[in-house]
Amino acid sequence: MAWGVFKELLISFLDYKTEKFIVVKNKKIGILYRLIQLAIIGYVIGWVFIIKKGYQETDEAIQTSVLTKLKGVSVTNTSESGPQVWGPEDYVIPPQGEDVLFVVTNFLETPNQKLGYCAESTRVLHGHCRDDEDCEEGQMVVAGNGMMTGRCLRKDEDSTGSCEIYGWCPAERDYNPEGPMLTNAENFTIYIKNYIQFSKFQFAKSNVLETNDDFYLRKCRYDEELHPYCPIFRLGDITRRAGYNFHDMDTVGGSISIMIEWDCDLDKVNFNCNPQYRFTRLDTSDSNMTITKGFNFRHTRYFKNAAGETYRSLFKVYGIRFNIMVHGKAGKFSIIPATINVAAGLALMGGAAVLCDVILLYITKERATHRERKFETPRVDNVEMSERCMRT
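Residue positions within a chain follow its written sequence, with the count starting from 1. Whole-chain, interface and lining totals are the exception, using all residues; otherwise, since this is a predicted model, local features are given only for residues with pLDDT of at least 70 and side-chain atom pairs are given and counted only at 80 or more. The side-chain figures draw on all heavy atoms in the structure; neither hydrogens nor water molecules are used.

K.L.:
Residue-level account of the packing of aromatic side chains, with values.
P.N.:
For any pair of aromatic rings, the description rests on two quantities: the centre-to-centre distance and the angle between the ring planes. Centre distance within 6.5 Å is the pairing criterion for rings of Phe, Tyr and Trp, where only the six-membered ring of Trp is used; planes under 30 degrees apart are then read as stacked, over 60 as edge-to-face, and the remainder as tilted. Under the counting rule described, the total for this entry stands at 15 aromatic pairs. With centroids separated by 6.0 Å and ring planes inclined at 15 degrees, the aromatic side chains of Phe303 and Tyr311 adopt a geometry described as stacked. Three or more aromatic residues link up through ring pairs in this structure, and these residues are Tyr222, Phe233, Tyr277 and Phe279. The ring centre of Phe315 lies 4.8 Å from the NZ or CZ of Arg301, which sits over that ring. Any Lys NZ or Arg CZ found within 6 Å of a ring centre and within 35 degrees of that ring's normal is scored as a charge over the ring.

K.L.:
Break down a nonpolar patch on the surface for me, citing the residues and quoting the values.
P.N.:
Residues Ile31, Leu35, Leu38, Ile41, Tyr43, Ile45, Trp47, Ile50, Ile51 and Leu348 make up a contiguous nonpolar surface patch of roughly 1,000 Å² in combined accessible area. Note on conventions: DSSP H or I runs of at least 4 residues are helices, E runs of at least 2 residues are strands, and numbering of each starts at the N terminus. Top element by residues in the nonpolar patch is helix α2 (residues 27-51). It accounts for nine residues. Think of a patch as exposed residues, more than 30% relative accessible area, with no salt bridge, where like charges cluster within 9 Å and nonpolar side chains (Val, Leu, Ile, Met, Phe, Trp, Tyr) cluster within 5 Å. Under the convention used here, a 1.4 Å probe and the Shrake-Rupley method define accessible areas, while residue burial counts only the protein chains that appear. Any carboxyl oxygen of Asp or Glu that lies within 4 Å of a side-chain nitrogen of Lys or Arg is treated as forming a salt bridge with it.

K.L.:
Before we move on, can you summarise the state of the cysteines with the specific residues and values?
P.N.:
The disulfide criterion used throughout: a pair of cysteine sulfur atoms within 2.5 Å. Evaluated as defined, the whole model comprises five disulfides. Between the sulfur atoms of Cys129 and its disulfide mate Cys152 the distance is 2.0 Å. Where Cys129 bonds to Cys152 through sulfur, the torsion about that S-S bond is close to 90 degrees, and the disulfide is right-handed. With Cys129 in strand β7 (residues 128-129) and Cys152 in strand β8 (residues 146-153), this pair connects stretches of sequence that are 23 residues apart. A residue is classified by how much of its surface remains accessible, and Cys129, at 2% relative accessible area, is buried. Each bonded cysteine in the protein gets a number by its place in the sequence, and the pairs come out as 1-6, 2-4, 3-5, 7-8, 9-10. Under the scheme applied here, a residue whose accessible area is under 20% of the maximum for its type counts as buried, over 50% as exposed, and between as partly exposed, the area being computed with a 1.4 Å probe on protein chains only.

K.L.:
Give a description of unusual backbone geometry that names residues and reports values.
P.N.:
The general pattern is negative phi for most residues beyond glycine and trans for most peptide bonds. Here the residue pair Ile93 and Pro94 is connected by a cis peptide bond, since its omega of -10 degrees sits within 30 degrees of zero. Within the secondary structure, Pro94 is located in the loop between β5 (92-93) and β6 (100-119). Geometrically, the link from Cys169 to Pro170 is a cis peptide bond, its omega value of -5 degrees lying close to zero. Within the element layout of this structure, Pro170 appears in the loop between β9 (161-169) and β10 (189-198).

K.L.:
Give a detailed account of the environment of Cys163, specifying residues and quantitative values.
P.N.:
Among the secondary structure elements, Cys163 is positioned in strand β9. Residue class for Cys163 comes out buried when judged on its relative accessible area of 0%. As for Cys163 and Asp134, which are separated by 29 residues in sequence, their C-alpha atoms are 7.9 Å apart. Two residues form a contact once any of their heavy atoms are found within 4.5 Å. If we skip the residues at most four places from it in the chain, Cys163 touches Cys118, Ala119, Glu120, Gly127, His128, Cys129, Asp134, Cys135, Met148 and Arg151.

K.L.:
Requested: an account of helix α6 (residues 335-362), with residues and values cited.
P.N.:
Here α6 spans 41 Å end to end across 28 residues, near enough to the 40 Å set by a 1.5 Å rise per residue. Residues of α6 that are buried: Pro337, Ala338, Gly345, Ala352, Cys356, Ile359, Leu360 and Leu361. Helix span, as expected, comes to 1.5 Å for every residue beyond the first.

K.L.:
Please provide a residue-by-residue account of the side chain of Gln37, values included.
P.N.:
Within the secondary structure layout, Gln37 lies in helix α2. Side-chain polar atoms of Gln37 contact the side chain of Tyr33, separated by 3.0 Å. In contact with Gln37, other than residues within four places in its own chain, are Met349 and Ala352. We define a polar contact as two N or O atoms separated by no more than 3.5 Å, with the added condition that, inside protein, one atom must be a possible hydrogen donor and the other a possible acceptor, whereas residues neighbouring each other in sequence contribute only through side-chain atom pairs.

K.L.:
So what about α2? Which residues, and what values?
P.N.:
With 25 residues, α2 extends 34 Å from end C-alpha to end C-alpha; this agrees with the ideal 36 Å at 1.5 Å per step. Within the span of α2, buried status applies to Ile29, Ile36, Gln37, Ile40, Val44, Val48 and Phe49. Packing partners of the buried residues in α2 comprise α6.

K.L.:
A description of the side chain of Thr251 should follow, citing residues and the corresponding values.
P.N.:
Looking at the element boundaries, Thr251 is found in the loop between α5 (235-241) and β13 (254-265). What makes Thr251 buried here is its relative accessible area of 17%. At a separation of 3.5 Å, a polar atom in the side chain of Thr251 contacts the side chain of Asp250. Once residues within four sequence positions are removed from consideration, Thr251 is found in contact with Asn106, Pro177, Glu178, Gly179, Pro180 and Tyr318.

K.L.:
Explain a negative patch on the surface residue by residue, including any values.
P.N.:
Charged residues are defined here as Lys and Arg on the positive side and Asp and Glu on the negative side; His and the ends of the chain fall outside this count. Think of each charge as sitting on NZ of Lys, CZ of Arg, CG of Asp or CD of Glu. A contiguous patch of negative charge on the surface is contributed by Asp131, Asp132, Glu133 and Asp134. Structurally, Glu133 is set in the loop between β7 and β8. Note on Glu133: relative accessible area 75%, which makes it exposed.

K.L.:
With reference to specific residues and values, describe the packing of α2 against α6.
P.N.:
With axes taken as lines fitted to C-alpha atoms, and helix axes fitted only over the stretch in contact, angles between N-to-C directions fall between 0 and 180 degrees. For the pair α2 and α6, the least separation of the axes is 10 Å and the interaxial angle reads 160 degrees. By the angle between their axes, α2 is roughly antiparallel relative to α6. Both α2 and α6 take part in a crossing whose hand is right-handed. When α2 is examined against α6, the residues Ile29, Leu32, Tyr33, Ile36, Gln37, Ile40, Ile41, Tyr43, Val44, Val48 and Phe49 are found in contact with a partner set consisting of Ala338, Asn341, Val342, Gly345, Leu348, Met349, Ala352, Ala353, Leu355, Cys356, Ile359 and Leu360. Tallied by class, the residues present in the contact of α2 with α6 amount to 20 nonpolar, three polar and no charged. Here is the rule for angles: anything less than 35 degrees is roughly parallel, anything more than 145 is roughly antiparallel, 65 through 115 is roughly perpendicular, and the remaining ranges are oblique. Two helices cross in a left-handed way if the nearer one is turned anticlockwise from the farther one by less than a right angle. They cross in a right-handed way if the turn is clockwise. Classification convention: Asp, Glu, Lys, Arg as charged; Ala, Val, Leu, Ile, Met, Phe, Trp, Tyr, Cys, Pro as nonpolar; all other residues, Gly among them, as polar.

K.L.:
Outline the environment of Ile238, supporting the account with residue identities and numerical values.
P.N.:
By the element assignment, Ile238 lies in helix α5. What makes Ile238 buried here is its relative accessible area of 0%. Taking C-alpha positions, Ile238 is 8.4 Å from Ile256, a pair spaced 18 residues apart along the chain. Those residues in contact with Ile238 that lie beyond four places of it in its chain are Ile190, Phe233, Ile256, Ile258, Phe279 and Phe322.

Geometric descriptors of this kind do not, in isolation, establish any biological role.
Structural data, given as structure tokens:
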């Protein structure tokens with residue numbers, strides 16, 4: 001008996017089974033079926049293949065290098081330092097030509113500081129005092145400029161004074177910037193040279209136009225339509241493309257993101273691989289808060305006098321910080337992703353039949369008739385069933 005059951009299972013396993021198709025004369029279902037098919041075909045061809053280029057193999061592991069160089073000269077004339085000429089070696093920090101750099105547009109100078117004893121700056125809250133007990137000797141002033149000596153320096157007994165400190169004296173000058181010192185900084189230019197490589201396809205390129213004209217880089221300025229491969233940008237144009245006026249940032253500073261995007265289609269003529277630039281201001285938001293706007297920091301310049309004594313000038317510099325970021329991807333035809341997406345499209349086509357079957361068998365008025373025609377249950381009479389049982 002067991003052998004007979006196993007034999008029937010083996011024979012049935014080798015049978016070929018096919019589906020039964022029924023032609024239904026229902027125009028509504030037919031129109032719906034064709035519309036779904038057209039929508040799927042449009043999705044596969046339009047979105048998957050044309051827009052998303054589903055026939056391509058992609059490489060998003062872009063290898064990139066950025067070199068920057070600024071040019072421009074400005075003259076300042078202050079009561080502390082007199083007339084000075086500022087070149088890129090003075091207003092660019094750091095000067096090595098990296099992808100993150102700071103351009104000075106304004107500064108406050110505290111000149112000729114020397115190590116000694118003086119009053120703490122009135123801006124430092126922890127340096128305020130009413131008597132000597134408020135200035136604990138040997139303690140560092142929190143967010144201050146030196147170490148307290150234990151003395152409270154006051155103009156009179158009724159006023160609030162400042163603790164005496166040992167540090168670089170006099171302390172930093174207490175005033176706010178009223179306007180930019182480097183007045184023509186918006187005309188400075190920044191040269192951004194970007195090399196990229198997609199190692200999967202052994203493809204490399206730069207954002208500089210390949211030309212035999214030795215004077216091209218001396219006279220060109222970036223323009224989206226006229227000079228897309230000119231890597232020289234005017235600072236005023238960068239802030240304008242970010243949606244701001246340069247004079248909104250040159251007094252207290254700001255932060256600008258320069259995004260270089262590469263979307264390379266290596267199947268097209270000349271590879272259709274062009275840099276696209278996007279400029280965004282980072283130090284502000286849609287809120288009305290101004291406390292977070294701007295960008296500044298302090299640095300010093302040291303020197304010695306004829307007697308060998310060390311002095312320094314403290315600069316609180318305001319300016320624009322540029323963050324240059326590079327993103328990109330490259331695509332090239334490959335039979336594997338093309339085959340996978342075609343197969344996925346054919347599988348979606350089968351979904352149209354499933355949906356129409358659901359509507360036909362469970363929603364239409366003739367659903368009972370359609371179910372009876374689509375699904376057949378074989379009938380076996382009692383005599384035939386008895387004979388099968390006796391044989392087994």
